[in-house]
Amino acid sequence: MIRLEHNFCLQRYNTFALVAKAKQFFEFTEPEELSFFIQNKGLPEKFLILGGGSNLLFNGDFDGLIIHPNVPGVGEVNEDRNFVYIEAGAGVEWDELVRLSVVYELGGLENLSLIPGKVGAAPVQNVGAYGVEAQEHIHLVRAISLDDGSLVEFSNEECRFAYRDSIFKNELKNKVVITSVVFKLDKFPEYKLDYGALKQEVGKLGEVNLHNIRQAVISIRESKLPDPKQLGNAGSFFKNPVVNTTEAERIIESFEQVPHYSSSDGNSIKLAAGWLIDQCGWKGFREGNVGVHKEQALVLVNYGGATGIELVNLAEKIKTSVFEKFGLELEPEVNIL
Ligand code: EPU
């Protein structure tokens, strides 16, 4: 099914709930429909691929074409001794996939419960939470090339995953549209409970199993992160800064309390941006229609009726104060348009 609209209101298509209009909006449910569109109509110069809009800030109207992949369906494609391979359409709600994986007792995605957004966006920014990143369970990504509408595939290695990063944000940005993702899920799950208070939260629920891990992650997230359906937000607004060990030592020497995690390569340290922002006194700050969430300083919120500009201005002020106090440059995690 396709849908082509003009002068389309995007408020329901971005979790900040910002009011913005798109000149054109194209939604499709079958990969071939996008191929047909590209091969017969061609794409305008200005276009944007929009999934669940959970990582996006519209700083005004969008004077181009929005491509909204809404490919449905979750199903098994293969199975071997240890794994089941599940393909999910780009338009499937991420948390619906996680819920199903837990119902079928397949391990891997449970720590990623309740992340807003759609399956198609998961490989783009390699979503992660509570010690797990999507890259650990992505087997294959299927997409449509925007050059000629052909079907293309990317193995896990070809996706070049890194912290909140992949080839789809770099070389392939605006070159392909992801239509489905094949996940490799464990029949014999290995639980990952080392992050923060997760183990403790699971303990409160009883036995360590996929279901209880999912419930524990859901309650931790619900206690810290605002539900975008109730309060417009896009999760973490900034990335946690990754610095070299010398830089990290400089900061840790002056600010012993700073939460930090060493990276897998051992050469860099990730610092908690939420803590840095919190230390600058921003938590719970409100100005007009925008503010900083009262439980998590990394999350900026729209109290209703905000413009993208208000959010960008607040983000700039936060950035400046973190730089003045810590000498660190925060980078936004959300895409500002
Ligand atoms: N902290 C504060 N004050 C705050 C916020 C955090 O002191 O206002 C401290 C916490 O006490 C903790 C540390 O900073 O010691 C880290 O905080 P938290 O565990 O809440 O996680 P985070 O680093 O802020 C990251 C991801 C989240 C993900 C959580 C859990 C990024 C940019 N964010 O947040 O992802 O859910 O870890 O794994 O990597 C998202 O990407 O939108 C997102 C929500």
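Note that the structure is a prediction, hence the values are computed from the model and not measured.

All right, on to the overall build of the protein then. Regarding its fold elements, the protein presents eight helices and 20 strands. Against the 2.2 N^0.38 benchmark of 20 Å for 337 residues, the protein shows a C-alpha radius of gyration of 20 Å, consistent with a compact globule. Projected onto its principal axes, the C-alpha coordinates of the protein cover approximately 60 × 50 × 35 Å. Counting only contacts in the protein whose residues sit at least 6 apart along the sequence, the fraction spanning at least 24 positions is 61%.

A few words now on the domain arrangement of the protein. Domain assignment breaks the protein into domain 1 (2-69), domain 2 (74-186) and domain 3 (232-336). Between domain 1 and domain 2, the contact holds 15 residues from the first and 17 residues from the second. Both faces combined, the contact of domain 1 with domain 2 buries some 1200 Å², and carbon together with sulfur accounts for 70% of it. Here domain 1 and domain 2 share zero salt bridges between them. Scanning the region where domain 1 abuts domain 2 turns up three residue pairs in polar contact (both at pLDDT 80 or more). Of all the secondary structure elements, the ones that give two or more residues to the side of domain 1 that touches domain 2 are α1 (31-40), β3 (47-49) and β5 (62-69). For the side of domain 1 that touches domain 2, the element with the most residues is α1, which contributes five residues.

Attention now moves to the site of the ligand. Neighbouring the ligand are 23 residues; Tyr130, Tyr163, Ser236, Asp278 and Ala297 lie closest to it. Within the backbone of Tyr130, one N or O atom sits 2.6 Å away from an oxygen atom of the ligand. At a separation of 2.8 Å, an oxygen atom of the ligand approaches a polar backbone atom of Ser236. Elements with a contribution of two residues or more to the shell around the ligand: α5 (210-224), β13 (232-236) and α7 (273-279). Residues that form the shell around the ligand fall into these classes: 11 nonpolar, five polar and seven charged.

This part takes up the pattern of salt bridges. Pairing between side chains of opposite charge can happen when their charged atoms approach one another. Summed over the entire model, instances satisfying the criterion amount to 19 salt bridges. With a shortest N-O distance of 3.1 Å, Glu27 and Arg3 are connected by a salt bridge. One end of the pair, Glu27, is in strand β2 (residues 21-28); the other, Arg3, is in strand β1 (residues 2-9), with 24 residues separating them in the sequence. Since its relative accessible area comes to 7%, Glu27 is described here as buried. For Lys204, the salt bridge identified is with Glu201, shortest N-O distance 3.3 Å. Here Lys204 and its partner Glu201 are both found in helix α4 (residues 198-205), three residues apart, which amounts to about one turn of the helix. Among the residues examined, Lys204 registers a relative accessible area of 61% and is labelled exposed. Salt bridges sharing common partners tie together Arg3, Glu5 and Glu27.

Counted as a void, the second largest pocket has a volume near 810 Å³. Looking at the second largest pocket, it is lined by 37 residues, and the ones nearest its centre are Ile49, Leu56, Ala121, Val124 and Asn335. Listing elements by their share of the lining of the second largest pocket, those giving two or more residues are β3, β5, α3 (122-125), β12 (176-186) and β20 (335-336). When its residues are assigned to classes, the lining of the second largest pocket shows 22 nonpolar, 11 polar and four charged.

Attention now moves to the packing of aromatic side chains. Taken as a whole, this structure holds 14 aromatic pairs when the rule is applied. Pairing Phe8 with Phe25 gives two aromatic rings, centres 3.9 Å apart and planes at 20 degrees, and the pair type is stacked. Highlighted residues: Phe8 in strand β1 and Phe25 in strand β2, separated in sequence by 17 residues. We classify Phe8 as buried; its relative accessible area is 11%. Within the aromatic cluster, the residues linked to one another by ring pairs are Phe8, Tyr13 and Phe25. Residue placement shows Lys270 over the ring face of Tyr163; its charged tip is 3.8 Å from the ring centre. It is Arg286 that lies over the ring of Tyr303; its NZ or CZ is 4.0 Å from the centre.

What counts as what
Within every chain, residues take consecutive numbers counted from 1 along the sequence as written. Local features in this predicted model are restricted to residues of pLDDT 70 or higher, and side-chain atom pairs are both shown and tallied only at a pLDDT of 80 or more, whereas totals for entire chains, interfaces and linings draw on every residue. Excluded from the side-chain calculations are hydrogens and water; all other atoms, namely the structure's heavy atoms, are used. Secondary structure elements follow DSSP: runs of H or I of four or more residues count as helices, runs of E of two or more count as strands, with numbering from the N terminus. We compute the radius of gyration from the C-alpha atoms alone; for a globule the expected value is 2.2 Å times N to the 0.38, where N is the number of residues. Residue contacts are counted whenever heavy atoms from the two residues lie within 4.5 Å of one another. Segment limits for the domains were obtained from an automatic or database-derived domain assignment. When two parts are put together, the accessible area they lose, computed with a 1.4 Å probe and summed over both, is reported as buried area. Note on definitions: salt bridges are taken to be side-chain nitrogens of Lys or Arg within 4 Å of carboxyl oxygens of Asp or Glu. Polar contacts, as counted here, are pairs of nitrogen or oxygen atoms within 3.5 Å of one another; within protein the pair requires one atom able to donate a hydrogen and one able to accept it, and residues that are adjacent in sequence qualify only if both atoms are side-chain atoms. In these notes, residues near a molecule or strand are those with any non-hydrogen atom within 4 Å of it. Classification convention: Asp, Glu, Lys, Arg as charged; Ala, Val, Leu, Ile, Met, Phe, Trp, Tyr, Cys, Pro as nonpolar; all other residues, Gly among them, as polar. When a residue's accessible area, from a 1.4 Å probe over protein chains only, is under 20% of the maximum for its type it is buried; when over 50% it is exposed; and in between it is partly exposed. Cavity means a closed set of points on a 1 Å grid over the protein atoms alone, one where a 1.4 Å probe fits but cannot get out, pocket means an open set with protein on both sides within 12 Å along at least 5 of 7 lines, and lining means a residue has an atom within 4 Å of a point. Grid points are joined across faces, edges and corners, and a volume is the space filled by probe spheres set on the points. Here the aromatic set is Phe, Tyr and Trp, taking the six-membered ring for Trp, and pairing holds for ring centres within 6.5 Å; pairs whose planes are under 30 degrees apart are stacked, those over 60 apart are edge-to-face, and all others are tilted. Note on criteria: charge over ring means Lys NZ or Arg CZ within 6 Å of the ring centre, with the direction from the centre no more than 35 degrees off the ring normal.

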